[in-house]
Amino acid sequence: MAIRTKKYQLSTDTYTRMAMTQVWKKEWWYALVPFAVGLLPAAIWPSWWWLGLALLLTLLYVLLRSAQITGVAQMEQSKALFERMNYEIDNRQILLRLNETKGMGLTWDMIGKARRDADAYLLWLQPPAAAEDLKGFRGWLGRTFTVPVFLHLPLRIFNSPNDIKLFDSMLRRKNLLPALEAPAAAGPAAGGPSAA
């Protein structure tokens, strides 16, 4: 029941682009906070300088958050995600194998969620537990400004369509993908033949 894939290497540019898209789709409104803080003094002392300050604070926030996301690809701890490797997947774990002797195993409880796109699977790793242990403002920062760490498994690395179906069913059994929906009844609304 093990699935063995072809070798694949996720480039740091692809990871950065995908992570930036995910973060900014979810957190775009956080950039409004420094903008609003920069504009607050304008309510008391009207001046165009406050608008400039608000724009500068917003730009600094966007640059710092983007640098944080880009920095994940440069860290030593995450270098393993960007090596050329193949995957061995079974009911116990996902084994990231560099060669016959080197590899790293991820148990299924380390995977937080999964998504299947048209051309790939994305498996997000659970956020680090250290952020959950912190209290107060530091804990809030650690939980709020996490960077997504994920495995990107293109469908082309699977050796057969049966491997894709097996992997899909594994993800569903682990409750990482939603269950298949029942097909809609055939009819005019469902694209079936119309009764004319």
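Residues numbered from 1 in each chain as written. Predicted model: local features only at pLDDT ≥ 70, side-chain atom pairs only at ≥ 80, totals over all residues. Heavy atoms only, no water.

## Things to note about the sheet that holds strand S1 (residues 3-4)
- Within the open sheet, the 4 strands sit side by side as S1-S2-S3-S4. Their pairing is antiparallel. The strands lining the two open edges of the sheet, one partner per strand, are S1 and strand S4 (103-107).
- Here S1 runs beside strand S2 (residues 86-89); their pairing, made up of 2 bridges, is antiparallel. Paired with Ile3 across the two strands is Ile89, which belongs to S2. (Pairing = 2+ DSSP bridges. Helix = DSSP H or I, 4+ residues; strand = E, 2+ residues; numbered from the N terminus.)

## Things to note about the packing of helix H2 (residues 32-39) against helix H3 (residues 48-74)
- At a minimum axis distance of 7 Å, the contact between H2 and H3 shows a crossing angle of 155°. As far as their axial angle goes, H3 and H2 are roughly antiparallel. For the pair H2 and H3, the crossing hand works out as right-handed. In this structure, H2 contributes Pro34, Phe35, Gly38 and Leu39 to the contact, and H3 contributes Trp50, Leu51, Leu53, Ala54, Leu55, Leu57, Thr58 and Tyr61.
- For the contact of H2 with H3, the class distribution of residues is 10 nonpolar, 2 polar and no charged. (Axes fitted to C-alpha atoms, helices over the stretch in contact; angles between N-to-C directions. Parallel < 35°, antiparallel > 145°, perpendicular 65-115°, else oblique. Left-handed = near helix turned anticlockwise from the far one by under 90°. Contact = heavy atoms within 4.5 Å. Nonpolar A, V, L, I, M, F, W, Y, C, P; charged D, E, K, R; others polar.)

## A few points about the packing of helix H1 (residues 12-27) against H3
- The interhelical angle for the contact between H1 and H3, taken along N-to-C directions, is 140°, at an axis separation of 9 Å. Between H1 and H3, the angle is such that the two are oblique. Judged by the sense of rotation from one axis to the other, the crossing of H1 with H3 is right-handed. Contacts between H1 and H3 involve Thr12, Tyr15, Thr16, Ala19, Met20, Val23, Trp24 and Glu27 from the former and Tyr61, Val62, Arg65, Ser66, Ile69, Thr70, Val72 and Ala73 from the latter.
- Grouping the amino acids of the contact of H1 with H3 by side-chain chemistry returns 10 nonpolar, 4 polar and 2 charged.

## Some details on a nonpolar patch on the surface
- On the surface, Trp28, Trp29, Leu32, Val33, Val37 and Leu40 cluster together into a nonpolar patch covering about 650 Å² of accessible area.
- Here Val37 is to be found in helix H2.
- Exposure remark for Val37: the relative accessible area of 48% places this residue in the partly exposed category. (Patch = residues over 30% accessible without salt bridge, like charges linked within 9 Å, V, L, I, M, F, W, Y side chains within 5 Å. Areas by Shrake-Rupley, 256 points an atom, 1.4 Å probe, with all protein chains shown as cover. Salt bridge = Lys/Arg side-chain N within 4 Å of Asp/Glu carboxyl O. Buried < 20%, exposed > 50% of the residue type's maximum accessible area, 1.4 Å probe, protein only.)

## Let's talk about the pairing of S2
- Here S2 shows a buried face lined by Asn86 and Glu88 and a second buried face lined by Tyr87 and Ile89.
- The pairing of S2 with strand S3 (residues 93-97) spans 4 bridges and is antiparallel. Of the residues in S3, the one forming a bridge with Ile89 is Ile94.
- Linking two consecutive strands that pair antiparallel, namely S2 and S3, is a turn of 3 residues.

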